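Topology and contacts: notes
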Amino acid sequence: MSLLCYNRGCAQRFDPETNTEGSCTYHPGVPVFHDALKGCTKGFHNSEKPPEPVKPEVKTTSERKELAELKPKFQERIIQAPKPLETIKRPSPDEPMTNLQLKVSASLKQALDKLKLSSENKEKKEEDSDEIKIGTPCKNAGCSKTYEGPESMEEVCIYHSGVPIFHEGMKYWSCCRRKTSDFNTFLAQEGCTTGTHVWTKKDEGKKIVPCRHDWHQTGGEVTISVYAKNSLPDLSYVEANSTMLNIHIVFEGDKEFHRSVKLWGVIDVKRSYVNMTATKIELTMRKAEPLSWASLELPVSNTQQEKESSDQ
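Residues numbered from 1 in each chain as written. Predicted model: local features only at pLDDT ≥ 70, side-chain atom pairs only at ≥ 80, totals over all residues. Heavy atoms only, no water.

One pass over the structure, following the stated rule, counts 4 salt bridges. Of the charged contacts in the structure, one is a salt bridge between Lys255 and Glu252, with a shortest N-O distance of 2.9 Å. Since its relative accessible area comes to 30%, Lys255 is described here as partly exposed. For Glu252, a relative accessible area of 36% gives the class partly exposed. (Salt bridge = Lys/Arg side-chain N within 4 Å of Asp/Glu carboxyl O. Buried < 20%, exposed > 50% of the residue type's maximum accessible area, 1.4 Å probe, protein only.)

Here we take up the sheet that holds strand 5 (residues 98–99). Spatial strand order, 5-14-15-16-11: 5 strands in an open sheet with mixed pairing. In this open sheet, the two edge strands, each paired with only one partner strand, are strand 5 and strand 11 (207–208). Taken together, the 2 bridges between strand 11 and strand 16 (residues 255–262) define a ladder with parallel strand orientation. Across the sheet, residue Lys207 finds its bridge partner in strand 16, namely Lys255. (Pairing = 2+ DSSP bridges. Helix = DSSP H or I, 4+ residues; strand = E, 2+ residues; numbered from the N terminus.)

What follows deals with unusual backbone geometry. The backbone phi angle of Arg177 is positive, close to 55°, even though this residue is not glycine. Considering the arrangement of structural elements, one finds Arg177 in the loop between strand 9 (170–173) and helix 3 (183–188). Overall, Arg177 belongs to the partly exposed group, its relative accessible area being 44%. A positive phi is found at Asn230, a non-glycine position, where the angle reads about 50°. Here Asn230 shows up in the loop between strand 13 (221–226) and strand 14 (237–240). With relative accessibility at 18%, the residue Asn230 sits in the buried group.

A few words on the confidence of the model for the protein chain. Residues with a pLDDT of 70 or more make up 76% of the protein chain, whose mean pLDDT is 80. Here helix 4 (residues 302–311) stands out as the least confident element of the protein chain, with mean pLDDT 53; strand 18 (residues 281–287) is the most confident, with 95. (pLDDT = per-residue confidence, 0-100.)

The subject of this paragraph is the pairing of strand 14. Across the two faces of strand 14 the burial differs, with Val238 and Ala240 buried and Tyr237 and Glu239 not buried at all. Here strand 5 pairs with strand 14 via 2 bridges, running antiparallel. Across the sheet, the residue bridging to Thr98 is Ala240, located in strand 14. Sheet topology note: the strand 14/strand 15 (residues 244–251) ladder contains 4 bridges and is antiparallel. Of the residues in strand 15, the one forming a bridge with Glu239 is Asn246.

It is worth spelling out the packing of aromatic side chains at this point. One pass over the structure, following the stated rule, counts 4 aromatic pairs. When the centroid spacing of 5.4 Å and the interplanar angle of 70° are considered together, the rings of Tyr147 and Trp199 count as edge-to-face. One end of the pair, Tyr147, is in the loop between helix 2 (106–127) and strand 7 (157–159); the other, Trp199, is in the loop between strand 10 (193–195) and strand 11, with 52 residues separating them in the sequence. Taking the relative accessible area as the measure of exposure, Tyr147 reaches 10% and is therefore buried. Taking the relative accessible area as the measure of exposure, Trp199 reaches 6% and is therefore buried. One aromatic cluster is present, formed by Trp173, Phe183, Phe186 and Phe257 through successive ring pairs. Its end group placed over the ring of Tyr172, Lys179 keeps NZ or CZ at 5.2 Å from the ring centre. The ring of Tyr227 carries the charged tip of Arg212 above its face, separated from the ring centre by 4.0 Å. (Phe/Tyr/Trp six-rings, centres within 6.5 Å; stacked < 30°, edge-to-face > 60°. Lys NZ or Arg CZ within 6 Å of the ring centre and 35° of its normal.)

The next thing to look at is the nonpolar core. Core analysis: the largest hydrophobic core is formed by 27 residues, its most contacted members being Val226, Leu245, Ile249, Leu263 and Leu283. Secondary-structure elements contributing two or more residues to this core are helix 2, strand 13, strand 14, strand 15, strand 16, strand 17 (267–276) and strand 18. Discounting chain neighbours no more than four positions away, the residues touching Leu283 are Val222, Thr223, Ile224, Val226, Val238, Leu245, Ile247, Tyr273 and Val274. Counting 6 residues, the second largest nonpolar core, distinct from the first, contains Cys138, Cys143, Tyr159 and Trp199. (Core = buried A, V, L, I, M, F, W, Y, C linked by side-chain atoms within 4.5 Å. Contact = heavy atoms within 4.5 Å.)

A few words now on the sheet that holds strand 6 (residues 101–104). What the 5 strands build is an open sheet, ordered 6-17-18-13-12; its pairing is mixed. Both edges of this open sheet fall to strand 6 and strand 12 (213–217), since each of them pairs with a single strand only. Across the sheet, the mean angle separating the axes of adjacent strands is 20° when strand polarity is ignored. Bridge analysis of strand 6 against strand 17 gives 4 bridges, and the strand direction is parallel. What sits directly across from Lys103, in strand 17, is Asn275. (Axes fitted to C-alpha atoms, helices over the stretch in contact; angles between N-to-C directions.)

Set out below in structure tokens:
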């Protein structure tokens, strides 16, 4: 009669009469749950079944409840987070405007002194000759024509007779009032008045030009950098209230840069200032509350866009 061997790793049937010391190959150690592995030790087959492992005792619902009642009880204490600071109510954009303090760097003063000397020498040379040079641009606002010779004197000049207006993010000429929020589109607007070209410097005025600018922020400040070289402190200004900003910069002698910004957040005007250097102008505005701005300008609402389109 054959018996089943219960040695770990064997699980074979054997005849007790032919059971010798080397008949069984098994594992005397702890099982690793891999029956495909053969034993590592030689010995007799074992017909005695090992005892079943003890199963953990399962508690009934009533027993678990009794154990829970025996556990020490603690008083629950709820800690509430402090209430967030109330946001500052957005002031009206119609508040009075204040000129920000201008800080002129030593590098800008030195650069302007050099330009003053060179411009004086240039003016003396121009006084000696009233001849209009080829390529001289027309001085009328909105005209992009250049002097190509005597025939240019007979051409009709199409220009803007009014003055540029920048108000609440919109840009337009007072003569034709074609409003736009994009500065490049404003500069590209064709003139609305016809006349003669103006080539001489005696009739020349300031020319409005675009100027590269960007902005960045920290926890408590917003900084706008305008890359205008050799700006003139006596003719430039930056005015602001809590939510509006008007930038007027005259640089490189006859160039003007205008920008009106409806700010995304609220600023502290008294703690804001302008730093003018030879290569750029930095507007440092102190935030009225330490919040991160999603953008520099407040987006125009649909109602305001409809109003602007109807005005046009």
